[in-house]
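Working through the structure, step by step
Residue-level listing of the chains:
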Amino acid sequence: MKIYKPVFSIIIIFIQLILSLKDYYGLQEWRKANPELDGLINLVIHYDTLFLFVLSIGIFEMLTKPSLNKRLIRIFLVIIIFGYHFSGLIPIKDFKYGIYNTAWFLGFSAFVLILAKISKYIIEKITSRKLK
């Protein structure tokens, strides 16, 4: 299995990790400042799963040969990261959740495609050994 030009994906994954950690520590500061509200408010936390989605899409992008599909995946990665974190600037109701749902779908699809590539690679290795 070959990795094609992974620098872009590594940078994007690292940016998402930094933004997720920033959100996590912001939430911890809020919990320290408002302990009485912490148990009363149901917080919707997306930074942890969003990182996993970006990670799986980034890994799939690394495994994809340079083509139009690779460019589209890169565009989606940038839109997901910056669209989610700067969604307050866009005056569309629930834009942030639309971006999150898109990331969920693409992350799951990328995970399935990664498993397909890995299984194809393993099958090719096994059959090449049997032929020798």
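Structural data are supplied above this passage.
A brief report on the enclosed structure follows. (Residues numbered from 1 in each chain as written. Predicted model: local features only at pLDDT ≥ 70, side-chain atom pairs only at ≥ 80, totals over all residues. Heavy atoms only, no water.)

1. A closer look at the overall build of the protein chain
For clarity, the threshold we go by: Secondary structure elements follow DSSP: runs of H or I of four or more residues count as helices, runs of E of two or more count as strands, with numbering from the N terminus. Atoms counted for the radius of gyration: C-alpha only. Globule rule: 2.2 Å times residue count to the power 0.38. By definition in these notes, contact holds between two residues if any of their heavy atoms fall within 4.5 Å.
In terms of helices and strands, the protein chain carries five helices and zero strands. When the helices and strands of the protein chain are placed in sequence order, the string is α-α-α-α-α. Whereas a compact globule of 132 residues would reach a radius of gyration of roughly 14 Å, the protein chain reaches 19 Å, over 25% beyond that. Across its three principal axes, the protein chain shows a C-alpha extent of roughly 70 × 30 × 25 Å. Taking all contacts inside the protein chain whose residues are at least 6 apart in sequence as the whole, residues at least 24 apart take part in 70%.

2. Here's the deal with the packing of aromatic side chains
Rules: For Phe, Tyr and Trp, rings pair up if their centres lie within 6.5 Å, where Trp contributes its six-membered ring, and each pair is then called stacked (planes under 30 degrees apart), edge-to-face (over 60) or tilted (otherwise). When a residue's accessible area, from a 1.4 Å probe over protein chains only, is under 20% of the maximum for its type it is buried; when over 50% it is exposed; and in between it is partly exposed.
All chains considered together, the criterion is met by five aromatic pairs. Measuring from centroid to centroid gives 6.2 Å for Tyr24 and Tyr47, while their planes differ by 70°, and the two rings are edge-to-face. Taken together, the positions of Tyr24 in helix α1 (residues 7-33) and Tyr47 in helix α3 (residues 47-63) put the pair 23 residues apart, joining distant regions of the chain. Residue classification places Tyr24 among the partly exposed positions, given a relative accessible area of 33%. The class for Tyr47 is buried, based on a relative accessible area of 14%. Centre to centre, the rings of Phe53 and Tyr100 are 5.8 Å apart; their planes meet at 55°, and the pair counts as tilted. One end of the pair, Phe53, is in helix α3; the other, Tyr100, is in helix α5 (residues 95-131), with 47 residues separating them in the sequence. Each member of the pair, Phe53 as well as Tyr100, is classed as buried. Among the aromatic residues, those joined into a ring-pair cluster are Tyr24, Tyr25 and Tyr47.

3. A word on the environment of Pro91
Along the polypeptide, Pro91 turns up in the loop between α4 (68-85) and α5. Linking Pro91 and Met62, residues 29 residues apart in sequence, is a C-alpha distance of 33 Å.

4. Notes on the side chain of Lys70
Tracing the sequence through the fold places Lys70 in helix α4. Discounting residues that sit within four places of it in the chain, Lys70 has contacts with Tyr4, Lys5, Glu61, Met62, Thr64 and Lys65.

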